[in-house]
Amino acid sequence: MRGRFPRTGASPVIAKPLVFHRRRSDGSLAARLARAVSGDVLFDAASRGRYATDASIYQVEPVGVVVPKSADAVRAALAVCRDAGVPVLPRGAGSSQCGQTVGAAVVIDTSKYLNRFGALDLDAMTVSVEPGVVLDRLNAWLKPQGLWFPVDVSTSAQATLGGMAGNNSCGSRSIAYGNMVHNVLAIDAMLSDGTEARFGPERDMAGAPARIGELLRGLHAIAERERDEIERNVPKVLRRVGGYNIDVCCPQGERPYTADGRVNYAHLLVGSEGTLAWTRLLTLQLAPLPAHRALGVVNFPTLYRAMECARHLVDLKPSAVELVDRTMIDLARGNPAFRPVIERALIGEPDAILLVEFIGATREDPVRRLKDLVALMGDLGLPDSVVEMTDAPAQKALWEVRKAGLNIMMSLKGDGKPVSFIEDCAVPLEHLADYVDRLTQVFARHGTRGTWYAHASVGTLHVRPILDMRRDGAAKMRAIAEEASALVREYKGAFSGEHGDGLVRSEWVGWQFGPRLTKAFEEIKDLFDPAGLMNPGKIVRGTKMDDASLFRFRPGHRTQALATALDWSAWDVQNDPLAGTLTPPGTGGDPAQGFAKAVEMCNNNGHCRKFDAGTMCPSYRATRDEQHSTRGRANTLRLALSGELGADALTSAPVREALDLCVSCKGCRRECPTGVDMAKMKIEALYHLRRAHRLPLRDRLIAHLPRWAPRAARLPWLVNLRNTLPGAAALGELLLGFSARRRLPAWRRDTFLKSVHGSGDDAGMDADVVLFVDTFTNYFEPENATAAVNVLRAAGRRVHVARAIGADAEPRRPLCCGRTYLAAGLVDEAKKEARRVVAALAPHVERGAAIVGLEPSCLLSLRDEFLVMGLGEAAQRLSESAFLVEEYLAREHRAGRLDLRLTALPQKHALLHTHCHQKAFDAAAPVQQVLSLIPELEVEMIEASCCGMAGSFGYDAAHYDVSVKMAELALLPAVRGALRGTLLVADGTSCRHQIADLTRPSGRREAIHAIRVLERALSPRSA
Ligand SMILES: Cc1cc2nc3c(=O)[nH]c(=O)nc-3n(C[C@H](O)[C@H](O)[C@H](O)COP(=O)(O)OP(=O)(O)OC[C@H]3O[C@@H](n4cnc5c(N)ncnc54)[C@H](O)[C@@H]3O)c2cc1C
Ligand code: SF4
Ligand code: SF4
């Protein structure tokens, strides 16, 4: 079942020249699928590479990928694959941790199209959904009905219901609601031979096809034969997700599968990891949304004590008991945003805390039970150990910290990574403390450590020892797994309590269930799928967990040597798991100078497929294509850098195409759990692309805008003819690729700097604030800079406008951050611009002045890209003094130094859209804060991702449609919904243009920079 990449010609720099290739037979299979299937059929090397991994440590080349548009398309795909004898592998978000969704098969991805809701029965509280529906979307849809689907997995933003059923997923609140298997009522399934049936309660199966009747009789016969072995070997703990649920007929778990104790055959399919049947439709049991919650944070002097107490806490019937250990507490304390939240939950210096949640229909109910918790802790000898949280925002903030702590842990740099393979062993609560203690000692014996967290309520604590799979990781993984399994056996637990079997644990199915049940599982598999076409090698007939040929990073993994344009040395490090230290930058041994290691930070958890809050990832949100997600891009770059996409892949079309729709919003920089900064990676990749391929004329024009802008500004009427002369826009599209459907920004003769530069050569060495006026503000919207000067002066600041200094710095040409050059990959030119900026501003930084700017993408590059351009200490100091104007004003206000007299405006409501880079750099909240200083003004933030214009992205004819789609996801509906008279505020020049341009047909709406709102509100005395 293992598809390995064949070896190609040896290369001096690639130790492992394995290449995703086209197999001889794939061409005809791809063609047959393309003819038969309505949907996307992806057989190219890069697409297969992107589907070769999930959130596990494995990588297996799939035969191809099908993204079907309908159940009929799936039927057709199954028929073609059956006929060709090629296995299929169902896949949702691909967030499995055990390698369930990688394999040498045709991957069928449900997530793009198969995501429709079916019948909702409010009385019975049930709903039917297609398998590609994402949990958070379902719950957002159900919320107005006061209902939810309560299997609240941590990956709820991306996990699909089909994948959750496939893995028998479990949420933080499983103690109250059970696992997936307890909440699935029926599954409409297709078998690999084409038979279809609804698997559900036994009484409803009478009319099933004869083939199904035969199958169920076979199942009963096996279960009956093995009844004593089932009773002996199937773990009794709630959290048991390994093997097949052979005990559907004679349940063994502490929580019955069904409320009435009757058999439901859907439960056999739940947890079967796509190995038995394709799930076409799921019928789910819903629950009322908890009306009230209360959280008790219990502080413990030791982790052992916390684990000892867990079993007493569950007697209080909480909905969750979640562990946060010392390491995570410290990580949270180290983050300025989280420090106040975690500090509020702590009493002294605990070694561990347990988050104990109670839910209830009335406000009093959970509060009363919180009091019971306080009393219980007193009885257990830990009085005054509980922090009571009854207000919802505080609770939410603390849950966020718990999630973020895990994320920080996952962002460990170096080749040693926290590896998931015993992450979800479940043991009875009475043994939890000893289990944790002894396993911690096992880690230490093997020279590593793990951070403990999560589901104490059900004895499933997560822990990932740090292992280096390129070196001795496989041997350590085996040794630790064996010692952990001995503990699990001793304590009568389950080796797989949450994440399933996949590639990492299928070999342990025999260990857990014994040879007789293992054989029974094989018989069940053969009953359902005699040809062995459904996701082979998972659960039954699996491979060894430490088969290094299946690893994503095999021993000896190498990347191509690369002379990088940007400084990636911070990623080129190794870590010491025990000491918790990193080697100095540049010592990690990456031939790509750290770029490859930065790319490899993506661990495929799939969070960049989320749709809810935040920014990441607008191009995925608009297209739903894996290729256009941050993960898809990171995987493409990783495979290109390792040579797995062939020679010179970094400058090839697949890389260019994967990066094409990345709008460099930096959403991933902030929201990706491991900090993958694709915008920066795109700059690096484009740099190499530009060296190999000539830059198109349009891109050259945009890139060099800072150089030709002074001339254009002398003849604005001429350049602006493009917007007004009939036919000019169409010609511009034909010749340059600027969309004719767009108006380009209008050039101004009255540029801001012209007026200022005319006013003498004052060096401004006594100024408190130095205004950095970017190219866009200067040439297109000079009134924003004027407003900034007016507001800052009204606040009593002496303002100096920055200008270039030094003979070779072209003193007459305005300063520019170099953003347009970076966007084109022209890093050398961008560095020249950056050097001029650093030289001009350094003297002001040295004397302590604040450097203030207006355009987020320009000013924030002083805090970001400038630091990886080799500009030295001066750039570092500049980054610490550079602020967006609102950040500066908010800081001064907080410090009690802002005396800005503002009066009420005619408008009482402002709708604020912040630029993606503002969000990425925590610079969004200050805009809301300073606007809220205006009397009577209510400021509402739009919850939206990228506006879709993103610099010049939306002006490109080829990007127009996707640019509009991005805007339509949230921004435009919010703008259209705003009442006339609402102030629309957006600091990004491209955001303002997008709003104006796309609302033109229905009545143009104009957004303005926040500084102009403040200027309007200046009281006559201060103005
Ligand atoms: C950081 C992180 C945190 C996690 N937290 C949790 C957690 O709290 N609880 C938990 O239980 N899990 C957790 N997981 C594991 C994983 O996210 C869940 O199991 C999730 O439910 C999988 O959903 P998915 O859409 O990604 O499924 P996938 O990974 O795509 O698929 C899962 C399985 O279902 C099968 N499958 C998918 N669609 C179908 C279909 N239509 N028909 C038949 N089979 C199908 C696949 O073949 C595969 O075997 C976590 C993973 C990560 C990376
Ligand atoms: S890019 Fe980040 S969020 Fe996306 S899969 Fe990789 S690690 Fe996860
Ligand atoms: S920069 Fe934005 S568009 Fe690009 S990968 Fe990151 S989140 Fe997606």
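The preceding data block contains the structure.
Residues numbered from 1 in each chain as written. Chains lettered and ligands numbered in written order. Predicted model: local features only at pLDDT ≥ 70, side-chain atom pairs only at ≥ 80, totals over all residues. Heavy atoms only, no water.

### Details of the site of ligand 2
Lining the immediate surroundings of ligand 2 are Cys602, Asn603, Asn604, Asn605, Gly606, His607, Cys608, Thr630, Arg631, Cys672, Pro673 and Thr674. Counted by class, the shell around ligand 2 contains four nonpolar, seven polar and one charged residues. (Near = heavy atom within 4 Å. Nonpolar A, V, L, I, M, F, W, Y, C, P; charged D, E, K, R; others polar.)

### Examining the site of ligand 1
Around ligand 1 sit 34 residues, and of these Pro90, Gly92, Ser95, Ser96 and Cys170 come closest. Ser95 places a polar side-chain atom, nitrogen or oxygen, 2.6 Å from an oxygen atom of ligand 1. Look at ligand 1: alone it shows 980 Å² of surface, and the protein chains cover 96% of it. Of all the elements, helix α5 (residues 161-167) adds the most residues to the shell around ligand 1, at five residues. Taken together, the residues of the shell around ligand 1 break down into ten nonpolar, 21 polar and three charged. (Polar contact = N/O pair within 3.5 Å; in protein donor to acceptor, adjacent residues only side chain to side chain. Areas by Shrake-Rupley, 256 points an atom, 1.4 Å probe, with all protein chains shown as cover. Helix = DSSP H or I, 4+ residues; strand = E, 2+ residues; numbered from the N terminus.)

### Topic: the sheet that holds strand β28 (residues 983-986)
Backbone-to-backbone hydrogen bonds join strands into a sheet, with any given pair of strands oriented parallel or antiparallel. Across the sheet, which stays open at both edges, the three strands sit in the order β27-β26-β28 with parallel pairing between neighbours. Looking along the sheet, the strands with just one partner apiece sit at the ends: β27 (938-941) and β28. Neighbour to neighbour, the strand axes of the sheet diverge by 25° on average, direction disregarded. (Pairing = 2+ DSSP bridges. Axes fitted to C-alpha atoms, helices over the stretch in contact; angles between N-to-C directions.)

### Observations concerning unusual backbone geometry
In this chain, Met616 is followed by Cys617 through a cis amide linkage whose omega measures -15°. Tracing the backbone shows Cys617 in the loop between α19 (595-599) and α20 (618-623). One non-glycine residue, Asn168, adopts positive backbone phi at about 50°. Along the chain, Asn168 falls in the loop between α5 and α6 (174-177). For Asn168, a relative accessible area of 1% corresponds to the buried category. Of note, the phi angle at Glu936 is positive, near 70°, even though the residue is not glycine. (Buried < 20%, exposed > 50% of the residue type's maximum accessible area, 1.4 Å probe, protein only.)

### A look at the pairing of β28
The side chains of a regular strand alternate, first on one face of the sheet and then on the other. Burial along β28 is two-sided: the residues Leu983 and Val985 and Leu984 and Ala986 are all buried. Summarising the sheet, strand β26 (residues 909-913) and β28 pair through four bridges and their orientation is parallel. Following the sheet pairing, His913 is matched in β28 by Ala986.

### Things to note about the side chain of Asp590
Within the secondary structure, Asp590 is located in the loop between β21 (581-582) and α19. The buried charged residue Asp590 lacks any salt bridge, with Lys597 as its nearest oppositely charged partner at 5.4 Å. In terms of polar contacts, Asp590 uses its side chain to reach the backbone amide nitrogen of Ala596, at 3.2 Å. (Lys, Arg positive; Asp, Glu negative; His and termini not counted. Salt bridge = Lys/Arg side-chain N within 4 Å of Asp/Glu carboxyl O.)

### A closer look at the environment of Ala520
Structurally, Ala520 can be placed in helix α18 (residues 507-528). On the accessibility criterion, Ala520 (0% relative accessible area) is buried. For Ala520 and Val930, which are 410 residues apart along the polypeptide, the C-alpha to C-alpha distance reads 67 Å. Excluding its chain neighbours within four sequence positions, the residues that come into contact with Ala520 are Ile222, Arg225, Glu226 and Ile246. (Contact = heavy atoms within 4.5 Å.)

### Here's the deal with the sheet that holds strand β25 (residues 882-884)
Within the open sheet, the four strands sit side by side as β23-β22-β24-β25. Their pairing is parallel. Each edge of the open sheet carries a strand with a single partner, namely β23 (799-801) and β25. The sheet shows a mean angle of 35° between the axes of neighbouring strands, taken without regard to direction. Relative to β25, strand β24 (residues 850-853) runs parallel, the two being bridged by three bridges. Across the sheet, Val852 pairs through a bridge with Phe883, a residue of β25. The strands that helix α36 (residues 872-881) touches are β24 and β25; relative to β25, the one it contacts most, it runs at about 35°.

### Thoughts on the packing of helix α10 (residues 303-314) against helix α15 (residues 432-445)
Between two packed helices, both the angle of their axes relative to each other and the distance between the axes serve to describe the pair. Relative orientation of the contacting elements α10 and α15 amounts to 150°, with a least axis distance of 7 Å. When the interaxial angle is binned, α10 and α15 end up roughly antiparallel. Across the interface between the two elements, Leu303, Tyr304, Met307, Glu308 and Ala310 from α10 touch Leu432, Ala433, Asp434, Val436 and Asp437 from α15. Residues that form the contact of α10 with α15 fall into these classes: seven nonpolar, no polar and three charged. (Parallel < 35°, antiparallel > 145°, perpendicular 65-115°, else oblique.)

### Focus: the pattern of salt bridges
One pass over the full model with this rule turns up 85 salt bridges. For Arg891, the salt bridge is made with Glu892, and the minimal N-O distance between the two is 3.2 Å. The class for Glu892 is buried, based on a relative accessible area of 4%. A salt bridge links Arg901 to Asp899; the nearest nitrogen and oxygen atoms lie 3.3 Å apart. It is possible to trace a salt-bridge network through shared partners that takes in Arg225, Glu226, Asp228, Glu229, Arg232, Arg516, Lys519 and Glu523.

### Re the side chain of Arg1005
Tracing the sequence through the fold places Arg1005 in the loop between α42 (989-998) and α43 (1010-1017). Look at Arg1005: it is buried, it has no salt bridge, and the nearest opposite charge is Glu1006 at 9.5 Å. Here the side chain of Arg1005 touches Leu979 through a polar contact of 3.4 Å, landing on its backbone oxygen.

### Here's the deal with the pairing of strand β10 (residues 278-285)
In terms of burial, β10 is a largely internal element, six of the eight residues being buried. One ladder, built from four bridges, connects strand β6 (residues 126-129) with β10; its direction is antiparallel. In the sheet register, Val127 faces β10, and the bridge partner there is Leu284. Here strand β8 (residues 184-190) runs beside β10; their pairing, made up of six bridges, is antiparallel. Note that in β10 the partner of Val184 across the bridge is Leu284.

### Brief notes about helix α26 (residues 705-714)
For α26, the set of buried residues is Leu705, Pro706, Ala709, Ala712 and Ala713. Taken down its axis, α26 places every buried residue within 100° of arc, on the same side. Facing away from the buried surface of α26 by more than 90 degrees, the exposed residues are Arg711 and Arg714. Close packing links the buried residues of α26 with α25 (697-703), α27 (716-719), α31 (775-780) and α33 (819-824). (Arc of directions from axis to C-beta.)

### Topic: the state of the cysteines
Throughout the structure, instances matching the rule amount to zero disulfides. Its sulfur unpaired, Cys858 is 3.9 Å from the next cysteine sulfur, which belongs to Cys817. Residue Cys858 is classed as buried on the basis of its relative accessible area, which comes to 2%. (Disulfide = S-S within 2.5 Å.)

### A closer look at the packing of aromatic side chains
Scanning all chains against the criterion turns up 17 aromatic pairs. Connected via pairs of aromatic rings, a cluster forms that spans Trp708, Trp747, Tyr779 and Phe780. Taking the ring centre of Trp399 as reference, the NZ or CZ of Arg173 above it sits at 5.2 Å. Here the guanidinium or amino end of Lys413 rests over the ring plane of Trp571, the centre of that ring lying 4.8 Å away. (Phe/Tyr/Trp six-rings, centres within 6.5 Å; stacked < 30°, edge-to-face > 60°. Lys NZ or Arg CZ within 6 Å of the ring centre and 35° of its normal.)

### Here we look at the environment of Leu912
In this fold, Leu912 is placed in strand β26. Discounting chain neighbours no more than four positions away, the residues touching Leu912 are Val927, Gln928, Leu931, Val939, Glu940, Met941, Ile942 and Val985.

### Side note on the packing of helix α21 (residues 630-641) against helix α24 (residues 678-692)
Where α21 contacts α24, the two axes come as close as 11 Å, and the packing angle between them is 35°. Here α21 runs over α24; the crossing is left-handed. Here α21 contributes Thr630, Arg633, Ala634 and Leu637 to the contact with α24, which in turn contributes Met678, Met681 and Ala685. Partitioned by chemical class, the residues of the contact of α21 with α24 number five nonpolar, one polar and one charged. (Left-handed = near helix turned anticlockwise from the far one by under 90°.)

As far as function goes, none of this settles anything; it's purely spatial.
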